[in-house]
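# Geometric and topological summary
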Amino acid sequence: MPTDTPPTPVTSRRSGKVLIVSVDNPPVNALGVDVRLGLVAAIDAAQADDTVAAVLIVGAGRNFIAGADIREFGQPPQPPALPDVCNRIEACSKPVIAALHGAALGGGLEVALAAHYRLAVNGAKLGLPEVQLGLMPGAGGTQRAPRLIGAGPALELMLSGRHVGAEEALALGLVDRLGRSDDTLAEGLAYAQELLAAGAPVRRTRDAQGLADQKASRSALDAARADVAAKSRGLFSPQKIVEAVEAALDHPFDEGLRLERTLFLQCIDSPQRAGLIHAFFAEREVVKAPETRGAQPRPLASAGVVGGGTMGAGIAVAMLDAGMTVTMIERDAESLARGRANVEKVYDGLVAKGRLSADAKAAVMARFAGATAYDALADADLVVEAVFEDMAVKQAVFAELDRVCKPGAVLATNTSYLDINEIAASISRPQDVLGLHFFSPANIMKLLEIVVPTQVSADVVATGFALAKKLRKVAVRAGVCDGFIGNRILAVYRQAADTMLEDGASPYQIDEALREFGYPMGPYQVADLAGGDIGWATRKRRAATRDTRARYVQIADRLCERGWFGQKTGRGWYLYAKGSRSGTPDPEVLAIVEAERQRAGITPRSFSNDEIVRRYLAAMINEGANVVHEAIALRPLDVDVVFVAGYGFPRQGGGPMKYADTVGLPQVLADIREFAQEDPLFWQPSPLLVDLVMRDKNFDSLNKIA
Ligand code: 3HC
Ligand code: NAI
């Protein structure tokens, strides 16, 4: 009779006296409850069987074990807990060997640390990345890693969350040897047999002596504590990691483990953990846009970029870095020389810093070509247009692309605001036209909005996502509208900030309030960095179509009229000493603000930092809801990813929509209705927000639909 018992994710088989325990839990062998049960059962079986002399733990597929099953966090706990599983492995009276390939991360590495001997093959990635999820190692990692490799290196691994390769793991002492081939099972078996032949004893990490030098351990701990205080302002779990390692120094192993458990559970309960794990899953969810299902991406070996300014050059560098061949088109020889210099400058910077050799730079630049005639793009698989933000100029460029590009070439625009449907409709192949909205600097910023016009074919959209993957960017699907997802929402919350400015807050207080919330910089610091002239040009362009009933704050225009564009002109909202990137408050700016208030007949009032944040975020969330309501963003999580990856929203908040769920949508709506009493035109509650509150739902309830 067939049974409906699901296959067990942990299987055991024999090879001589070695029991091979294989974890097979696709996609990444996460340590879900069945894996934990299976591991304990396998160790118990090995212990009970006199013919087993050693245990070898391996992972099936591409990884050893990528860690705890993150989906279980926040759910009711299911025994056995992972620390108990690790203790059971360590307590085994027969040597346990872990053979690592692919990811051995978090709980996966903790399983390996509980084993008695470790081997890693080429390509293995070891690490304790829990901090990136608002967590700390919670299965003995904070106690075993310092004992094995010393407090300093262990703290560095846990606080950075970085992955180390096999060779570095050997140098650190995380593993005992490297496999000579990529065959993890064969290498692990050979190692196990060699250990048996040598009569190698059980060797428990809990007894390792990496903390024996008390003085060195203490000073590493002090340094880490100071570092955390300086760099991880407002983050919860780094402090807990330091506390746990302190316990490793001060207390016996079992006591340390108990404290680790308490601290780990505090991390699990923190909103930062919920926000960071939301960001983790959201970044993996956004790439599953409907057009990518079943559509085959087109080839992507060679690319063209039209325009060699800020964006064109940055996009060219991003593509060159990904190994592509790039041809740049500019309007004349002089502009082309400037465009090439813009590209070369990036690599010269790396050479000067010793991060790239002159030969390597030459090899990259050999894949770069420039031309002033469009025929050079005849063979390009994909072209990204990054010329001036002007419909007529862009349409002229697309007419040229239509003329010269091979059939099937993807024709993309990097426009910030223009109607891509209009661009597409102006040529003979609208099905090939896509928006690829990069962010500045394009070779650094992680976000790429893939803007989907109405006539584009699915495989072109899929090619956009494939390009993002190749460039290691986070791609988010957006519909066509003024500003797509990010810039459209930005325009609204910037207006909320400017209104607070005119009503009585200083730009410095607004920046401070948002830094306190977790932003690396406030909006006025960002404006100074990006250059005030860009926003000014947009405001002038839109002046004719602006709603005359809407409040318009002119303070930024007064600064721009004086040529104060920010860092590049030495002053903007802040004053910058020559060569300095950090500004100081400018009394003249405050005087201009005051004069503008008088001109507008406003009696200034005071704002608390809390109110500043509430208004700024309410504007962001409300417009985010509109963007989802109008299907410009597929789901709230798409808005979250745009703001975390491209606009500095603190990752531990998960993104504005996740944050709204944390605060509670009724509260957000109540705030908006309160603010609407002063300015009902600006503060119109989004129909989606009103509907969700009415149905007692949150934004996350819309995230499951894809
Ligand atoms: N739990 C549950 N699901 C996981 C997971 C985990 N730990 N890690 C990855 N996944 C899922 C992803 O969500 C994705 O699912 P999907 O296909 O349905 O979207 C799938 O596995 C594949 O993941 P990626 O797309 O990220 O695949 P890559 O091959 O690009 O990367 C990886 C693989 C390097 C393992 C990467 O997924 C990763 O970094 N994972 C997280 C590792 C981690 O943070 N581990 C620590 C967990 S916390 C912990 O262990 C606590 C312990 O100390 C008690
Ligand atoms: P830029 O002014 O630095 O560069 C534009 C380049 O295009 C110039 O080098 C110019 O010589 C060239 N050019 C103009 N007309 C051309 C033509 N007909 N043929 C070939 N080359 C031509 O402008 P920037 O900042 O690079 O912006 C380019 C586009 O990217 C715009 O659409 C802008 O809205 C968009 N964008 C800009 C961002 C930014 O932060 N600067 C961010 C995201 C998008």
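Residues numbered from 1 in each chain as written. Chains lettered and ligands numbered in written order. Predicted model: local features only at pLDDT ≥ 70, side-chain atom pairs only at ≥ 80, totals over all residues. Heavy atoms only, no water.

### Some thoughts on the overall build of the protein
Note the following rule: Only runs of H or I of at least four residues qualify as helices and only runs of E of at least two qualify as strands under DSSP, and these elements are numbered from the N terminus. When we talk radius of gyration, it's over C-alpha atoms, and the globule rule is simply 2.2 Å times the number of residues to the 0.38. Only protein chains enter the accessibility calculation, which uses a 1.4 Å probe; a residue is then buried when its area is under 20% of its type maximum, exposed when over 50%, and partly exposed in between. Only heavy atoms enter the contact rule, under which two residues are in contact if any of them lie within 4.5 Å. Using a 1.4 Å probe, accessible areas were evaluated by the Shrake-Rupley method; residue-level cover was limited to the displayed protein chains. Neither His nor the chain ends contribute to the count of charged residues, in which Lys and Arg are positive and Asp and Glu negative. The location of each charge is read from NZ of Lys, CZ of Arg, CG of Asp or CD of Glu.
Helix and strand content of the protein: 28 helices and 18 strands. At 29 Å, the protein has a C-alpha radius of gyration in line with the 27 Å of a compact globule built from 706 residues. Here the C-alpha coordinates of the protein stretch approximately 85 × 60 × 60 Å along the principal axes. Out of the 706 residues in the protein, the part that is buried amounts to 53%. A separation of at least 24 residues holds for 73% of the contacts in the protein among residues at least 6 apart in sequence. Of the roughly 30,000 Å² that the protein leaves accessible, carbon and sulfur atoms contribute 54%. One way to put it: in the protein the 77 positive side-chain charges average out to a point 2 Å from where the 84 negative ones average out.

### Remarks on the sheet that holds strand β16 (residues 474-479)
In plain terms, the rule: Paired strands are those between which DSSP finds at least two bridges. Fitted lines through C-alpha atoms serve as axes, helices being fitted only where they are in contact, and the angles separating the N-to-C directions of these axes extend from 0 to 180 degrees.
With mixed pairing, the 8 strands of this open sheet are ordered in space as β11-β10-β9-β12-β13-β14-β15-β16. Two strands bound the open sheet, and with one partner strand each, they are β11 (368-371) and β16. Going across the sheet, the axis of each strand differs from the next one's by a mean of 25°, ignoring polarity. Against the sheet, helix α25 (residues 636-646) touches β15 (447-452) and β16, its axis set at about 130° to β16.

### So, helix α21 (residues 532-542)
Since the α-helix advances by 3.6 residues per turn, residues separated by three or four positions end up pointing in the same direction. Counted only if it meets this: Regarding the arc, it is the one traced by the directions from the helix axis to the C-beta atoms.
Along α21, the residues that are buried comprise G532, W536 and T538. Along the long axis of α21, the arc covered by the buried residues comes to 160°, so they all point the same way. On its buried side, α21 packs onto α20 (523-530) and α22 (555-561).

### Some points on the nonpolar core
The line we're drawing: Residues grouped as a nonpolar core are buried Ala, Val, Leu, Ile, Met, Phe, Trp, Tyr and Cys residues, joined through side-chain atoms within 4.5 Å. Start and end points for every domain follow an automatic or database-based domain assignment.
With 95 residues, the main nonpolar core has L377, L401, I485, W573, V639 and F699 as its most contacted residues. Top contributing element to this core by residue count: helix α24 (residues 609-629), with 11 residues. Looking at which domains feed residues into this core, each of domain 2 (300-484) and domain 3 (487-702) gives three or more. The contact partners of L377, leaving out residues within four places of it in the chain, are G304, V306, T327, I329, V383, L401, V404 and C405. Judged by nonpolar contacts, the second largest core, of 70 residues, contains V40, I70, A248 and L249.

### Considerations on the packing of aromatic side chains
For clarity, the cut-off: Aromatic rings from Phe, Tyr and Trp, taking only the six-membered ring of Trp, are treated as a pair when their centres fall within 6.5 Å; an angle between ring planes under 30 degrees marks them as stacked, one over 60 as edge-to-face, and anything in between as tilted. Ring-over charges, as used throughout, are those where CZ of Arg or NZ of Lys falls within 6 Å of the ring centre and within 35 degrees of the ring normal.
Within the structure shown, the criterion is met by 17 aromatic pairs. Aromatic pair F517 and F649: ring centres 5.8 Å apart, planes at 75°, arrangement edge-to-face. One end of the pair, F517, is in helix α19 (residues 507-517); the other, F649, is in the loop between α25 and α26 (656-663), and 132 residues separate them in sequence. In terms of burial, F517 and F649 fall into one category: buried. Given the relative accessible area of 18%, F517 is considered buried. Site record: aromatic cluster; members linked through ring pairs are F439, Y493, F517, Y519, Y616, F643, Y647, F649 and Y659. Between the NZ or CZ atom of K540 and the centre of the ring of W536, over which it lies, the distance is 3.5 Å.

### Let's talk about the domain arrangement of the protein
According to the domain assignment, the protein contains domain 1 (10-259), domain 2 (300-484) and domain 3 (487-702). A separation of 44 Å is found between the C-alpha centroids of domain 1 and domain 2.

### Some points on the sheet that holds strand β8 (residues 177-178)
Spatially, the 6 strands line up as an open sheet ordered β1-β2-β3-β4-β6-β8, and their pairing is mixed. Each edge of the open sheet is held by one strand with a lone partner, namely β1 (10-15) and β8. Running over the sheet, helix α1 (residues 33-48) touches β1, β2 (18-23) and β3 (54-59) and is turned about 175° from β2.

### Some points on the site of ligand 1
Our working definition: Summary of the distance rule: residues count as near a molecule or strand when at least one heavy atom falls within 4 Å of that molecule or strand. Polar contacts, as counted here, are pairs of nitrogen or oxygen atoms within 3.5 Å of one another; within protein the pair requires one atom able to donate a hydrogen and one able to accept it, and residues that are adjacent in sequence qualify only if both atoms are side-chain atoms. Residues are grouped as follows: Ala, Val, Leu, Ile, Met, Phe, Trp, Tyr, Cys and Pro are nonpolar; Asp, Glu, Lys and Arg are charged; every other residue, Gly included, is polar.
Around ligand 1 sit 26 residues in total, of which A68, G107, E110, E130 and R284 are the nearest. Contacts to ligand 1 include R284, whose side-chain N or O atom sits 2.6 Å from an oxygen atom. K288 places a side-chain nitrogen or oxygen 2.9 Å from an oxygen atom of ligand 1. Out of a free accessible area of 990 Å², ligand 1 has 78% covered by protein chains. Elements that contribute at least two residues to the shell around ligand 1 include exactly β5 (103-105), α3 (107-114) and α11 (271-285). The element that contributes the greatest number of residues to the shell around ligand 1 is α11, accounting for 3 residues. A per-class count over the shell around ligand 1 returns 14 nonpolar, 4 polar and 8 charged.

### Points about the site of ligand 2
Taken together, 23 residues lie near ligand 2, and M311, E330, E389, K394 and S416 sit nearest. One of the side-chain N or O atoms of Y374 is found 3.5 Å from a nitrogen atom in ligand 2. A distance of 3.0 Å separates an oxygen atom of ligand 2 from a polar atom in the side chain of N414. Relative to its unbound accessible surface of 840 Å², ligand 2 loses 80% to contact with the protein. Listed by contribution, the elements that provide at least two residues to the shell around ligand 2 are α12 (310-321), α15 (391-404) and β14 (433-438). Among the residues forming the shell around ligand 2, the class breakdown is 10 nonpolar, 9 polar and 4 charged.

### Some points on the pairing of β16
Heads up, the condition is: Handedness rule for crossovers: strands pointing away from the viewer, path from the first strand over the helix to the second running clockwise, crossover right-handed.
The element β16 is extensively covered by neighbouring structure, given that 6 of its 6 residues are classed as buried. With burial as the criterion, each face of β16 is covered, one bearing V474, V476 and A478 and the other bearing A475, R477 and G479. Sheet topology places β15 next to β16; 6 bridges connect them, and they run parallel. Note that in β16 the partner of V451 across the bridge is A478. With helix α17 (residues 458-470) bridging β15 and the parallel β16, this β-α-β connection has right-handed handedness.

### What about helix α4 (residues 141-149)?
Most of α4 sits out of view: 8 of its 9 residues are buried. Those residues of α4 not exposed but buried are G141, T142, Q143, R144, A145, P146, R147 and I149. At its buried positions, α4 is contacted by α2 (82-91), α3, α5 (151-160), α6 (166-172), α9 (237-250) and α10 (253-269). Of the residues trailing α4, G150 is marked for its positive phi of about 100°.

### Focus on the side chain of E130
Condition: Every case where a carboxyl oxygen of Asp or Glu lies within 4 Å of a side-chain nitrogen of Lys or Arg is listed as a salt bridge.
Inspection of the secondary structure assignment puts E130 in the loop between β7 (125-127) and α4. The buried charged residue E130 lacks any salt bridge, with R261 as its nearest oppositely charged partner at 11 Å. If we skip the residues at most four places from it in the chain, E130 touches G106, G107, E110, L135, M136 and P137.

### Side note on unusual backbone geometry
Glycine aside, residues mostly have negative phi, and peptide bonds are mostly found in the trans state. Of note, the amide linkage connecting P79 to P80 takes the cis form, showing an omega dihedral of 0°. In this structure, P441 follows S440 across a cis peptide bond, with omega equal to -5°. You can see P441 is positioned in the loop between β14 and β15. With phi around 60°, N29 is a residue other than glycine that occupies positive phi space. Here N29 shows up in the loop between β2 and α1. Residue class for N29 comes out buried when judged on its relative accessible area of 2%.

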